[in-house]
Amino acid sequence: MSFLYKADPVRGAEWTRLFAAKAPDIPFHIWPETGSVDDVRYLAAWVPPQDIAQRFPNLELFFSTGAGIDQFDLAALPPELPVVRMAEPGVVAGMVEYATMAVLALHRDLPTYIWQQRQANWAAHRVHPASKRRVSVLGLGVLGCAVLNQLRTLGFPLAGWSRTRREIEGVACYAGQAELPAMLTSTDILVCLLPLTQETRGILDSTLFQHLPRGASLVHVGRGAHLDHQALVDALEAGWLSGAVVDVTDPEPLPAGHPFWAHPKILLTPHIASMTQPETAVELVLDNIRRHEAGEPLIGLVDRTRGY
């Protein structure tokens, strides 16, 4: 029984050390070294190897090394193979930090002040209290709920939207496509934390932006393919949206000359909102291996019918 890691080799070295300390009985390999392929029972990867079923006939669990799974094709994986997302505490904590930073940056007009600094323009703008700025989150999974919990401490009125009905203390919850416009019309800062599915692909488009009130802003930390780039630029140029913080794009990286690079109303970061932390990731993986062996429910198990 062995474990195979196929992702960033630098972090893989940390996984090696942690496995040696916490699970010395499980042989650990970093791709492309696999050991005996017949012994591989567990695989963690950002992008899985091709012909996974043929390569590793005794594979029992497949772990994504990230919080998302849209980087690979579920249909190409054996249907009976459990796929597990990396819902580990380090990913959650990092996303809470980034989303809070981004919401506060838009709330306090940071894109405007950064642009003014470049122009040597000293101009103050009115400061509004958090209690007057409603923040809404698209996606009420583990990450969305954790972000809302932190924003609550800052005094923002909060709303959230999900595919199915949720109840969260202190959050006005909306569900289903029919209720989305009602939430958007009273949203000042919109945070996208949706998974990428056929239903959510391209959701951040001109139609959605038109439902937001004039002067609203966007924090995009979901998936790159959620966002229509031209629709965002058009909304910003027209003054309908006042600013955006964008961490994920499609493609990544953006090509030279793309309007996001130099747009005065966009703060752009290179998909770093949250990263898997080896210490807590290995703890979660080992816990899930124990659960698997004991026949208990897995943490972060992907529902293939939903795509996340």
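Residues numbered from 1 in each chain as written. Predicted model: local features only at pLDDT ≥ 70, side-chain atom pairs only at ≥ 80, totals over all residues. Heavy atoms only, no water.

Enquirer: Give me the environment of Pro 48: which residues, what numbers.
Expert: Along the chain, Pro 48 falls in the loop between strand E3 (40–45) and helix H2 (52–55). Considered as a pair, Pro 48 and Leu 77 are 29 residues apart in the sequence and their alpha carbons are 8.9 Å apart. If near-sequence neighbours (up to four positions away) are discounted, Pro 48 is found in contact with Lys 6, Phe 62, Phe 72 and Leu 77. (Helix = DSSP H or I, 4+ residues; strand = E, 2+ residues; numbered from the N terminus. Contact = heavy atoms within 4.5 Å.)

Enquirer: Lay out the sheet that holds strand E2 (residues 28–30) in plain terms, naming residues and giving numbers.
Expert: Two orientations exist for strands paired in a sheet by backbone hydrogen bonds: parallel and antiparallel. As summarised here, the arrangement of the five strands in space is E2-E1-E3-E4-E5, forming an open sheet in which the pairing is parallel. Whereas interior strands pair on both sides, the edge strands pair on one side only; in this sheet they are E2 and strand E5 (83–84). Sheet strands touched by helix H1 (residues 9–22): strand E1 (2–6), E2 and E3. Its angle to E2, the strand with the most contacts, is close to 175°. Sitting on the sheet, helix H9 (residues 278–294) touches E1, E3, strand E4 (61–64) and E5, and the angle it makes with E4 is about 155°. (Pairing = 2+ DSSP bridges. Axes fitted to C-alpha atoms, helices over the stretch in contact; angles between N-to-C directions.)

Enquirer: Explain the pairing of E1 to me, and be specific about the residues and the numbers.
Expert: Of all five residues in E1, five are buried, a share of seventy percent or more. Here E1 shows a buried face lined by Ser 2, Leu 4 and Lys 6 and a second buried face lined by Phe 3 and Tyr 5. Looking at chain direction, E1 and E3 are connected through five bridges and run parallel. Across the sheet, the residue bridging to Phe 3 is Tyr 42, located in E3. (Buried < 20%, exposed > 50% of the residue type's maximum accessible area, 1.4 Å probe, protein only.)

Enquirer: An account of the pattern of salt bridges is requested, with residue identities and associated values reported.
Expert: A complete count under the given rule lists nine salt bridges for this structure. With a shortest N-O distance of 3.5 Å, Glu 60 and Arg 41 are connected by a salt bridge. In this pair, Glu 60 sits in the loop between H2 and E4 while Arg 41 sits in strand E3, placing the two residues 19 residues apart along the sequence. By sharing partners, the salt bridges in this structure join Asp 287, Arg 290, Arg 291 and Glu 296 into a single network. (Salt bridge = Lys/Arg side-chain N within 4 Å of Asp/Glu carboxyl O.)

Enquirer: Go over the packing of aromatic side chains, please, and point to the residues and values.
Expert: To describe a pair of aromatic rings, one takes the distance between the centres and the angle between the planes. With the rule as written, the count across this model stands at ten aromatic pairs. Relative to Phe 19, the ring of Phe 3 lies with its centre 4.7 Å away and its plane at 45°, an arrangement referred to as tilted. Of this pair, Phe 3 sits in strand E1 while Phe 19 sits in helix H1, and the two are 16 residues apart along the sequence. The residues Phe 3 and Phe 19 share a single accessibility class, namely buried. Their ring planes at 10° and their centres at 5.6 Å tell us that Phe 3 and Phe 28 sit as a pair that is stacked. With Phe 3 in strand E1 and Phe 28 in strand E2, this pair connects stretches of sequence that are 25 residues apart. (Phe/Tyr/Trp six-rings, centres within 6.5 Å; stacked < 30°, edge-to-face > 60°.)

Enquirer: Give a detailed account of the side chain of Arg 134, specifying residues and quantitative values.
Expert: With respect to the secondary-structure elements, Arg 134 resides in the loop between helix H4 (110–118) and strand E6 (135–138). No salt bridge is formed by the buried Arg 134. Its closest oppositely charged neighbour is Asp 188, at 7.2 Å. With near-sequence residues (within four places) excluded, Arg 134 lies in contact with Pro 157, Leu 158, Ala 159, Ala 172, Tyr 174, Met 183, Ser 186, Thr 187, Asp 188 and Ile 189. (Lys, Arg positive; Asp, Glu negative; His and termini not counted.)

Enquirer: Run through the packing of H1 against H9, naming residues and quoting values.
Expert: For the pair H1 and H9, interaxial distance at closest approach is 10 Å and the crossing angle is 50°. For the element pair H1 / H9, the angle class is oblique. In this structure, H1 crosses over H9, and the sense of that crossing is right-handed. Residues Arg 11, Glu 14, Trp 15, Arg 17, Leu 18, Phe 19 and Lys 22 of H1 touch H9, and the partners they reach there are Pro 278, Glu 279, Ala 281, Val 282, Glu 283, Val 285 and Leu 286. (Parallel < 35°, antiparallel > 145°, perpendicular 65-115°, else oblique. Left-handed = near helix turned anticlockwise from the far one by under 90°.)

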